[in-house]
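For reference, the chains in residue letters:
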Amino acid sequence: YGFSDRYFAEFNFGYNGSERFDKSHRWGFFPSGGLGWVVSNEKFWADKPISKVVNMLKLKGSYGLVGNDNISNNDNRFFYLSEVNMNNSGRGMNFGTNFDEGYNGISISRYANPKIGWEISHKMNVGFELKLFNDLEIQAEYFKERRTNILQERADIPSLMGFQAPIRANIGEAKGQGVDISLDYSHIFNKNLWTTIRGNFTYASSEFSEYEEPDYSATPWRSKIGSKLSQTYGYIAERLFVDDEDVANSPKQQFGEYTAGDIKYKDINGDGQITETDMVPIGYPTSPEIIYGFGFSAGYKGFDLSCFFQGSARSSFWIDPENTAPFIGNQRTLLKAYADDHWSEENRNLYALWPRLSATKRTNNYQKSTWFMRDGSFLRLKSVEMGYTIPEKITKKAHISMLRFYLSGTNLLTFSKFKLWDVEMGGKGLGYPVQMVINAGVQLNF
């Protein structure tokens, strides 16, 4: 509903049903509403000198609920139905004098649960739209979200109860917030010169507010409550072992055989051994918390130039040691970076990029840790294009309405702390990289 181009209101609702849930929890009601006020259309604004500077000002806000039924994988599509295998050879029994008479057993991969229902997001947005000097447009929003009824496996059910499959319930909660800003500037200086500048910036962060887990009061770093949704947990890598004496005098690491040149992890709880209780939150979330971009287009007479940068920040990724390790499985090559910087008897660099080389799998070195953690931030020159359009007074003699020559490129430059391969490839750099593309062409219209 709109009134006098000043006041706006909107209301929506959805009443949705999903086959994934029992009939007692199948339907959900999800309403939303929004309000808007164009302040610059008020009479008291139009009569003031500020209207020549601030040409348009709109305040807006919205709140609503959104339902999500895609809360697990396809193996748990129908939560209200049990899944029982009546002929499971893995749970059978053998009888007879020689134990050669066997019968298959019964296994359960899902228990019926009629109480599982919709995950609900409570979304709130407030923001403004602003136009200055008839050239600059700014839009900014602050958003906040609270997710309830998140499907989670129960952690307080003792194993002595004998359940074969995990018990799930809508017990988790999470919250998130952030800002979203965009700027657009357009100006025509004269008949020969014009420019357009654009930019956008988004920051979003989220964390668990309710998460059923064991009592971690003795090891609070293991709790997920208050941690980011895509937070990675791993070990603190101190350095590489110096020699066998260093190995013998350090806390025992529960990851198979290890020796001098392998990764040494920190004993967080001080119990004299390295186990999963020593895993802590490490790095930024794997999903970037900041996404941004900016660029411009400009023209002078027949010449035009445009470019766009894109980037992200506040994210981490991990080099995949198992899939980049030399001499193991199908991966027979030795990356130059590892060849140039690895621990050896001749080069006992305790902070080398790669631990000691080995022809067998070293499970100790493949643990998720800070050793292979890297900063995923980058800024990329995503696209550039320059062109020249032949003046119309020349082309019309050949009955051509437009003739333009151009040169363009994508993925031309990348600025990142990570140098081994393209940072957007993540931890396994042996795949197909992001390609640099350069094009030259002609646009011809008759």
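Data block above holds the structure.
Along each chain, residue indices are assigned from 1 in the same order as the chain's sequence is written. For this predicted model, a pLDDT threshold of at least 70 governs which residues receive local features, and a threshold of 80 or more governs which side-chain atom pairs are given and counted, while totals over whole chains, interfaces and linings are taken from all residues. Values shown for side chains rest on all heavy atoms present in the structure; no hydrogens or waters enter the calculation.

1. Observations regarding the overall build of the protein chain
Turning to step 1, where the next piece is worked out: When you go through the protein chain residue by residue, the secondary structure sums to six helices and 23 strands.
Turning to step 2, where the next piece is worked out: For 446 residues, the compact-globule estimate of 2.2 N^0.38 gives 22 Å, and the C-alpha radius of gyration of the protein chain, at 30 Å, exceeds that figure by more than 25%.
Turning to step 3, where the next piece is worked out: We call two residues contacting when some pair of their heavy atoms lies within 4.5 Å. Residue pairs in contact within the protein chain that sit at least 24 positions apart in sequence constitute 65% of those at least 6 positions apart.
Turning to step 4, where the next piece is worked out: Per-residue and other accessible areas follow the Shrake-Rupley method at a 1.4 Å probe size, with only the shown protein chains counted as cover for residues. Summing over all exposed atoms, the protein chain offers an accessible surface of approximately 26400 Å²; the carbon and sulfur share of this is 55%.
Turning to step 5, where the next piece is worked out: Counted as positive: Lys and Arg. Counted as negative: Asp and Glu. His and the chain ends are not counted at all. Just so you know, the charge point we use is NZ for Lys, CZ for Arg, CG for Asp and CD for Glu. Across the protein chain, the 49 positively charged side chains and the 51 negatively charged ones have centroids separated by 8 Å. A run of H or I in DSSP becomes a helix once it reaches four residues, and a run of E becomes a strand once it reaches two; helices and strands are each numbered from the N terminus. The globule rule used for comparison is 2.2 Å times the number of residues to the exponent 0.38, while the radius of gyration itself is calculated over C-alpha atoms.

2. Side note on the pairing of strand β6 (residues 101-110)
Turning to step 1, where the next piece is worked out: In this description, strands pair whenever DSSP reports at least two bridges between them. Judged from the seven bridges that link them, strand β5 (residues 83-95) and β6 form a sheet pairing that is antiparallel. The residue of β6 that forms the bridge with Val84 is Ile108.
Turning to step 2, where the next piece is worked out: From the end of β5 to the start of β6, which pair antiparallel, there are five residues, and Gly96 there has a positive phi angle of about 95°.

3. A word on the side chain of Glu212
Turning to step 1, where the next piece is worked out: Tracing the backbone shows Glu212 in the loop between β10 (193-210) and β11 (232-234).
Turning to step 2, where the next piece is worked out: Throughout, exposure labels follow a simple rule: accessible area from a 1.4 Å probe, protein chains only, divided by the maximum for the residue type, with under 20% read as buried, over 50% as exposed, and the rest as partly exposed. Residue Glu212 is classed as buried on the basis of its relative accessible area, which comes to 19%.
Turning to step 3, where the next piece is worked out: Counting of polar contacts relies on pairs of N or O atoms within 3.5 Å, with two restrictions inside protein: one atom must be capable of donating a hydrogen and the other of accepting it, and residues adjacent in sequence are counted only when both atoms are side-chain atoms. There is a polar contact of 2.9 Å between the side chain of Glu212 and the side chain of Arg154.
Turning to step 4, where the next piece is worked out: Residues contacting Glu212, with those up to four places away along its chain left out, are Gln152, Arg154, Ala155, Asp156 and Ile171.

4. Looking at the packing of aromatic side chains
Turning to step 1, where the next piece is worked out: In this analysis, rings of Phe, Tyr and Trp, with Trp reduced to its six-membered ring, are considered paired at centre separations within 6.5 Å, and the interplanar angle assigns stacked below 30 degrees, edge-to-face beyond 60, and tilted for intermediate values. Within this structure, the stated rule accounts for 21 aromatic pairs.
Turning to step 2, where the next piece is worked out: Measuring from centroid to centroid gives 5.5 Å for Phe241 and Tyr258, while their planes differ by 20°, and the two rings are stacked. Residue Phe241 is located in the loop between β12 (237-240) and α3 (244-248), and its partner Tyr258 is located in the loop between β13 (252-253) and β14 (263-265); the two are separated by 17 residues in the primary sequence.
Turning to step 3, where the next piece is worked out: By relative accessible area, Phe241 is classed as buried at 0%.
Turning to step 4, where the next piece is worked out: For Tyr258, a relative accessible area of 15% gives the class buried.
Turning to step 5, where the next piece is worked out: Only Lys NZ and Arg CZ are tested; either one counts as a charge over a ring when it is within 6 Å of the ring centre and within 35 degrees of the ring normal. Above the ring of Phe8, the side-chain terminus of Lys58 is found at 5.4 Å from the ring centroid.

5. A short note on the environment of Gly429
Turning to step 1, where the next piece is worked out: Here Gly429 lies in the loop between β22 (402-415) and β23 (437-445).
Turning to step 2, where the next piece is worked out: In the structure, Gly429 is positioned 106 residues away from Asn323 in sequence and 9.0 Å away in space, judged by C-alpha atoms.

6. Focus on the pairing of strand β7 (residues 119-132)
Turning to step 1, where the next piece is worked out: Pairing between strand β4 (residues 54-68) and β7: 14 bridges, direction antiparallel. Along β7, the bridge assignment pairs Lys58 with Glu129.
Turning to step 2, where the next piece is worked out: Note that β7 and strand β8 (residues 136-153) share 13 bridges and pair antiparallel. From the neighbouring strand, His122 faces β8, where its bridge partner is Arg146.

7. Observations regarding a nonpolar patch on the surface
Turning to step 1, where the next piece is worked out: Candidate patch residues must exceed 30% relative accessible area and have no salt bridge, after which like charges are joined if within 9 Å and Val, Leu, Ile, Met, Phe, Trp or Tyr side chains if within 5 Å. Salt bridges are defined by distance alone: a side-chain nitrogen of Lys or Arg within 4 Å of a carboxyl oxygen of Asp or Glu. Together, Ile197, Phe296, Leu305, Met386, Leu407, Met436 and Ile438 make up an exposed nonpolar region whose accessible area comes to about 630 Å².
Turning to step 2, where the next piece is worked out: Within the element layout of this structure, Leu407 appears in strand β22.
Turning to step 3, where the next piece is worked out: On the accessibility criterion, Leu407 (42% relative accessible area) is partly exposed.

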